[in-house]
Amino acid sequence: MYRFRFHGRGGQGIKTASRIFGTAAFLEGFNAQDFPMYGPERRGAPVAAYVRISREPIVSRGYINNPDVVIVGDETLLFDPIADPLRGFGGGVLFVNTPSTPRIELDGHVVTLDITGLALEYIGRTSAISAGVGAVASKIAGFTKSNTLDAVAMELEEIGVPGELIDKNLKLAEVSYDSVPSFDLESLPSIERSDFVDMGVVQVRLDDGYIGVATIANLGNTAIRKTGNWRILKPIIDMDKCTGCKICFAYCPDVSIYMGDDGKAHINYDYCKGCLICSSVCPFKAITMVREVKTL
Ligand code: SF4
Ligand code: SF4
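A quick note: this is a predicted structure, and the numbers were derived from the prediction, not measured.

Colleague: Provide a residue-level description of the site of ligand 1, including the pertinent values.
Modeller: Taken together, the residues surrounding ligand 1 are C242, T243, G244, C245, K246, I247, C248, A265, C282, P283, F284 and I287. For the shell around ligand 1, the residue count by class is 9 nonpolar, 2 polar and 1 charged.

Colleague: Run through the pattern of salt bridges, naming residues and quoting values.
Modeller: Summed over the entire model, instances satisfying the criterion amount to 9 salt bridges. Close ionic contact of R9 with D74 constitutes a salt bridge, the shortest N to O distance being 3.2 Å. Within this pair, whereas R9 is found in strand β1 (residues 2-9), its partner D74 is found in the loop between β4 (69-72) and β5 (93-97), the two being separated by 65 residues in sequence. Considered together, R9 and D74 belong to a single accessibility category, that of buried residues. R19 is the salt-bridge partner of E158, the closest N and O atoms lying 3.6 Å from each other. Of this pair, E158 sits in helix α4 (residues 145-158) while R19 sits in helix α1 (residues 14-27), and the two are 139 residues apart along the sequence. For E158, a relative accessible area of 59% gives the class exposed. Its relative accessible area of 30% is what places R19 among the partly exposed residues. Through salt bridges with shared partners, one network takes in R19, E155 and E158.

Colleague: So what about the packing of α1 against helix α3 (residues 130-140)? Which residues, and what values?
Modeller: Here α1 crosses α3 at 40 degrees, and the two axes come no closer than 8 Å. The angle between α1 and α3 falls in the class oblique. For the element pair α1 and α3, the recorded crossing hand is right-handed. On the side of α1, the interface is formed by I14, T16, A17, I20, F21 and A24, while α3 contributes S130, A131, V133, G134, A137 and S138. Residue composition of the contact of α1 with α3, by class: 8 nonpolar, 4 polar and no charged.

Conventions we followed
- Residues numbered from 1 in each chain as written.
- Chains lettered and ligands numbered in written order.
- Predicted model: local features only at pLDDT ≥ 70, side-chain atom pairs only at ≥ 80, totals over all residues.
- Heavy atoms only, no water.
- Near = heavy atom within 4 Å.
- Nonpolar A, V, L, I, M, F, W, Y, C, P; charged D, E, K, R; others polar.
- Salt bridge = Lys/Arg side-chain N within 4 Å of Asp/Glu carboxyl O.
- Helix = DSSP H or I, 4+ residues; strand = E, 2+ residues; numbered from the N terminus.
- Buried < 20%, exposed > 50% of the residue type's maximum accessible area, 1.4 Å probe, protein only.
- Axes fitted to C-alpha atoms, helices over the stretch in contact; angles between N-to-C directions.
- Parallel < 35°, antiparallel > 145°, perpendicular 65-115°, else oblique.
- Left-handed = near helix turned anticlockwise from the far one by under 90°.
- Contact = heavy atoms within 4.5 Å.

This is how it looks when you write it as structure tokens:
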């Protein structure tokens with residue numbers, strides 16, 4: 001059995017990428033099991049998806065703790081303690097969607113490709129890179145290009161993507177497929193390891209109902225969790241065009257826009273996750289979105 005774990009950000013199409021990979025595996029004659037784990041459903045929030053493929057019936061269930069291949073859809077997730085994509089990585093293949101070379105040292109193969117840049121070129125947007133990510137996973141597993149492209153078309157059709165957009169996604173998938181190497185999965189050192197992790201038995205204290213209060217116990221939910229590194233696109237306000245109408249201020253879902261003493265809108269980039277909403281609602285076209293420059 002081979003275990004692939006996909007990591008990405010809400011809105012990138014990581015779940016669809018895992019489905020494309022699972023369908024390609026099925027077309028290759030494998031049994032395939034794939035499922036996502038969203039956590040809080042927010043655009044830009046870390047998400048994961050899991051795919052097991054095997055020539056034998058798959059009896060394992062649950063999260064993949066010891067992946068043979070890790071696919072990372074956004075390079076900033078590499079150092080995100082909540083997403084923790086390298087957890088359990090045992091020297092297989094790590095793919096990272098990035099225009100740069102990540103400075104990480106680990107046992108195993110590291111493959112990179114700027115799928116976001118390719119998506120801009122072939123589709124005209126940086127989100128929904130599922131076709132490229134699915135195709136990369138498929139190539140790493142050694143699947144044929146025809147089965148990979150068939151899987152892309154099938155999965156995108158199923159979620160209602162229009163034909164013209166599917167054609168663009170197929171081009172993205174083909175270029176992505178051609179840009180990465182394939183591997184002999186059986187030779188990866190992680191293959192022998194089991195998915196099973198003994199978590200032990202946890203005793204949960206039961207308090208009386210009347211002293212129960214809502215608590216935020218997870219760092220991922222607190223104000224110190226800065227979501228600025230979720231951005232793929234960054235909003236820039238043209239102060240000459242901003243009239244101070246406050247519409248973006250009202251719409252920003254992450255309260256990342258504040259009105260300055262100059263009466264104009266300003267952005268707190270520590271928390272702005274690059275969701276595009278402010279840019280789309282500004283009636284004066286004062287906010288443009290530019291590709292975020294990230295340094296690893
Ligand atoms: S919506 Fe546009 S014009 Fe209005 S405050 Fe925001 S940036 Fe300025
Ligand atoms: S500032 Fe704009 S892009 Fe950033 S989170 Fe708010 S609405 Fe989204």
